[in-house]
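Results of the structural survey
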Amino acid sequence: MKPNIHVKDKVAIVGAGLTLFRRRMLETSRELAWEAAREALESANLELKDIDCIVIGSAPDAFDGVHLKGEYLADGSGAISKPMVRVYVGGGTGVMVPIAAWWHVASGLCRTVLAVAEEKMSPAHPHPQGVFAYIWDPVVERPLGPNLLWIFALEMRRYMHVCGASKEDIAIVSVKNKANALNHPCAQAAAKITVEDVLNSEVLVWPVHRLDVSPVSDGAAALILAREDIARKVTDTPIWVEGIGWTLDTTHWYNRELAYPRYVEYAARMAYKMAGIERPWKEIDIAEPYDPFDYKELHHIEGLMLAPRCQAWRLAREGYFDRTGELPTSPSGGLLGVGNPIAAAGVMKVAEIFWQLRYEAGERQVKKPVHYGVAQAWGDLMQVGTVVVLSN
Amino acid sequence: MSMWRKKCTTPEYPGKMETEKYVYTPGLHGLEFFKTLKEKDAIVATKCGETLYIPPTTLCPDFSKGEVVEVPLTNPWYIASYTIVYEDMDGNKLDKPQILALLVPEEDIVGGIIHYVKAEPEEIDVGLMVKAKLKPREKREGKITDIEYFELVA
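Note that the structure is predicted; figures quoted are calculated from it, not measured.

Notes on the pattern of salt bridges
All names here are of chain A. Within the structure shown, the criterion is met by 27 salt bridges over all chains. Residues Arg86 and Asp61 are paired through a salt bridge, measuring 2.8 Å at the closest nitrogen-oxygen approach. Of this pair, Arg86 sits in strand β3 (residues 84–87) while Asp61 sits in helix α2 (residues 61–64), placing them 25 residues apart in sequence. The class of Arg86 is partly exposed, set by a relative accessible area of 26%. Between Asp249 and Arg262 there is a salt bridge, and its shortest N-O distance comes to 2.8 Å. Here the residue Asp249 occupies a position in the loop between β9 (239–248) and α10 (262–275), and Arg262 occupies one in helix α10, the gap between them amounting to 13 residues. Look at Asp249 and you get buried, because its relative accessible area is 14%. Several salt bridges converge on common partners, so that one network encompasses Asp64, Lys69 and Glu119.

Structure follows, in structure tokens:
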């Protein structure tokens, strides 16, 4: 880590836990949080009494249909009688959770943090899209009846136009990620499909087809972050948080170039600078870019500066981002394959980099040696980027 | 203000959430709680160490998994606290005041449930014993309203 900021304590991730990702889990939100948190504690050989502080991440209360969701999740997240904070930046929340946990430890405030993300999207009926409808500007956008898929379709079409990518080029990402997820024990939407399957799936909002999109999911994920001395005591393989970054753009999403996520680049630059990474396309070995839609992975690969602008789709065609490729992306299976319980999906991505850097990913382990990995999430009204750089 | 209102029409941007309703799942212990209530004259508690917790919450305060233990509804419970409701949500006076109470099965159980108590306001007091009045078994749905109310033990 380069000392471009004052960091009191070095921070490592020492444990991770994940529930199944499914459309409708019997467990309540707090039970899901508890299952993930317990698994994370067990994996770190720690108990709740060893944890100083709690960070909770969850998207709008309206998904679970429980107000004060952070407080509701508190006992399932081990937060009773401990300092707790909930963070929320839409879809970017999942990676904001370890960022917030990092600053709790790096500042010297807490020795250990249990970081938990949970989302239960299935209670909202008839469809959680009804919740998304209320992210729009009530005066200039909502009267038109916008749907979340619309703006993705507009952004995807713009990316295709500016970068010369075809539907087929983009569908490759969905095929890759769903196949990667076949090896993930928590996966909801793993499948062996072809580009033709994606193109022949139901058109939702052209150019977005059903198989271009991640599913609606319930699930939770958790991480344990610890100060260096504790990390070295509890494990021989701590995974260091080398850099963090986050940036917000305006909610006037149509006032910027939709083909390129500038805010992701700014967040990535912040994280890379802290990590001392000057050429991410060379120095990053593995990545988990946020992929709620297939084109978003390409978009974010470029925003993370892992490929030149408008080149990610060409590299994807060559297998560059495959698990056996030069720079594997979403080896977990991503949101397209594992599922998308919003905040939990981002933590799942960080957990995947953690397992990959420890060589504990089993059948999902990438073929190349790995030293540096990056996880990223994105969200709100197409405006936030959250980035974490990890190393072994 | 009234003059201004006459001259200008302020446009309105109404909102109506497209989410019509929420359909929650009961959770792991919640499922046991309501299954037991539907099928037996009992509910369940979570046993953590030697302590019983109601309502059951799956997880114990120390983060371990609790054990499901039945607590009969046939025994008298006691009133730990109560309130008397005289008006509905819209401020309309109720025909008959409604008593809501925090009811605890035994002194050494942590927690309890909130339910109606069928009694006259002047009869009610903290510490009085009550008994659950359950719906006939064939009419039970696995909901907290399978207990119609609690009534004072003579």
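Description of the interface of chain A and chain B
Residue-level contacts link 36 residues of chain A with 24 residues of chain B. Summing both partners gives a buried area of about 2,300 Å² for chain A against chain B, and 65% of it is carried by carbon and sulfur. Three residues stand out in chain A for area buried against chain B, namely Leu26, Trp34 and Tyr134 of chain A, and they jointly supply 27% of the buried area on that side. Connecting chain A to chain B are zero salt bridges. Run the count over chain A and chain B and you get 15 residue pairs in polar contact (both at pLDDT 80 or more). Within the residue set of the side of chain A that touches chain B, elements represented by two or more residues are α1 (29–43), α2, β4 (112–120), β5 (124–125) and α5 (129–132) of chain A. The leading source of residues in the side of chain A that touches chain B is α1 of chain A, at six residues. Of the residues in the side of chain A that touches chain B, the class split is 19 nonpolar, eight polar and nine charged.

Topic: a nonpolar patch on the surface
On the surface, Val139, Val140 and Tyr254 of chain A together with Tyr13 of chain B cluster together to form a nonpolar patch covering roughly 360 Å² of accessible area. Note that Tyr13 of chain B resides in the loop between α1 (2–7) and β1 (21–22).

Here we look at the packing of helix α6 (residues 148–163) of chain A against helix α12 (residues 294–303) of chain A
All names here are of chain A. The interhelical angle for the contact between α6 and α12, taken along N-to-C directions, is 55 degrees, at an axis separation of 10 Å. When the axes of α6 and α12 are compared, the pair comes out oblique. Both α6 and α12 take part in a crossing whose hand is left-handed. On the side of α6, the interface is formed by Phe152, Glu155, Met156, Tyr159 and Cys163, while α12 contributes Asp294, Tyr295, Lys296, Leu298, His299 and Glu302.

Digging into the sheet that holds strand β6 (residues 93–104) of chain B
Hydrogen bonds between backbone atoms are what pair the strands of a sheet, whose relative direction is either parallel or antiparallel. Residue and element names in this part refer to chain B. Pairing in this closed barrel of five strands is mixed, and the strands run β5-β6-β8-β10-β9 around the ring. Sheet twist, expressed as the mean angle between neighbouring strand axes with direction ignored, is 45 degrees. Examined bridge by bridge, β6 and strand β8 (residues 113–118) share five bridges and lie antiparallel to one another. Across the sheet, the residue bridging to Leu102 is Ile114, located in β8.

Comments concerning the packing of helix α7 (residues 167–180) of chain A against α12 of chain A
Residues and elements named next belong to chain A. Viewed as axis vectors pointing N to C, α7 and α12 meet at an angle of 100 degrees, and their least axial separation amounts to 7 Å. When the axis of α7 is compared with that of α12, the two are roughly perpendicular. Residue-level contacts link Ile170, Ala171, Val173, Ser174, Lys176 and Asn177 of α7 to Asp294, Tyr295, Glu297 and Leu298 of α12. In the contact of α7 with α12, the residues fall into five nonpolar, two polar and three charged.

So, the side chain of Glu297 of chain A
Residues and elements named next belong to chain A. As for its placement among the helices and strands, Glu297 is situated in helix α12. Only 2.8 Å separates the side chain of Glu297 from the side chain of Asn177, close enough to count as a polar contact. If near-sequence neighbours (up to four positions away) are discounted, Glu297 is found in contact with Val173, Lys176, Asn177, Pro289, Tyr290, Asp291, Thr329 and Ser330.

Concerning the state of the cysteines
Going through the model one piece at a time under the given rule, you end up with three disulfides over all chains. Shown here is the disulfide that connects Cys163 of chain A with Cys310 of chain A, its sulfur atoms set 2.0 Å apart. Taking the sign of the torsion about the S-S bond as the criterion, the disulfide between Cys163 of chain A and Cys310 of chain A, at about -55 degrees, is left-handed. Of this pair, Cys163 of chain A sits in helix α6 while Cys310 of chain A sits in the loop between α12 and α13 (312–317), and the two are 147 residues apart along the sequence. The buried category is assigned to Cys310 of chain A, whose relative accessible area is 17%. Linked covalently through their sulfurs, Cys48 of chain B and Cys60 of chain B form a disulfide whose S-S length is 2.1 Å. Around the S-S axis, the bridge from Cys48 of chain B to Cys60 of chain B shows a dihedral of about -85 degrees and counts as left-handed. Here Cys60 of chain B lies in the loop between β3 (51–54) and β4 (67–72) and Cys48 of chain B lies in strand β2 (residues 42–48), a separation of twelve residues in the sequence. The same class applies to Cys48 of chain B and to Cys60 of chain B, which are both buried.

Points about the pairing of strand β8 (residues 218–227) of chain A
Residue and element names in this part refer to chain A. Taken across its ten residues, β8 has nine buried, putting it largely inside the fold. Pairing geometry for strand β1 (residues 11–18) and β8, over seven bridges, is antiparallel. Across the sheet, residue Val11 finds its bridge partner in β8, namely Arg227. Strand direction decides the pairing type here: β4 and β8, joined by nine bridges, are antiparallel. When the sheet's bridge partners are listed, Glu119 is paired in β8 with Gly219.

Topic: the packing of aromatic side chains
In total, this model carries eleven aromatic pairs over all chains according to the counting rule given. Seen from their ring centres, Tyr290 of chain A and Trp378 of chain A are 6.2 Å apart, and the 45 degrees between their planes marks the pair as tilted. Here the residue Tyr290 of chain A occupies a position in the loop between β10 (286–288) and α12, and Trp378 of chain A occupies one in strand β11 (residues 372–379), the gap between them amounting to 88 residues. Each of the two residues, Tyr290 of chain A as well as Trp378 of chain A, counts as buried. Each ring, one from Tyr22 of chain B and one from Tyr24 of chain B, has its centre 6.0 Å from the other, and the planes form 15 degrees; the classification is stacked. For Tyr22 of chain B, a relative accessible area of 29% gives the class partly exposed.

Cut-off values and rules
Residues numbered from 1 in each chain as written. Chains lettered and ligands numbered in written order. Predicted model: local features only at pLDDT ≥ 70, side-chain atom pairs only at ≥ 80, totals over all residues. Heavy atoms only, no water. Salt bridge = Lys/Arg side-chain N within 4 Å of Asp/Glu carboxyl O. Helix = DSSP H or I, 4+ residues; strand = E, 2+ residues; numbered from the N terminus. Buried < 20%, exposed > 50% of the residue type's maximum accessible area, 1.4 Å probe, protein only. Contact = heavy atoms within 4.5 Å. Buried area = accessible area lost by both parts, 1.4 Å probe. Polar contact = N/O pair within 3.5 Å; in protein donor to acceptor, adjacent residues only side chain to side chain. Nonpolar A, V, L, I, M, F, W, Y, C, P; charged D, E, K, R; others polar. Patch = residues over 30% accessible without salt bridge, like charges linked within 9 Å, V, L, I, M, F, W, Y side chains within 5 Å. Areas by Shrake-Rupley, 256 points an atom, 1.4 Å probe, with all protein chains shown as cover. Axes fitted to C-alpha atoms, helices over the stretch in contact; angles between N-to-C directions. Parallel < 35°, antiparallel > 145°, perpendicular 65-115°, else oblique. Left-handed = near helix turned anticlockwise from the far one by under 90°. Pairing = 2+ DSSP bridges. Disulfide = S-S within 2.5 Å. Phe/Tyr/Trp six-rings, centres within 6.5 Å; stacked < 30°, edge-to-face > 60°.

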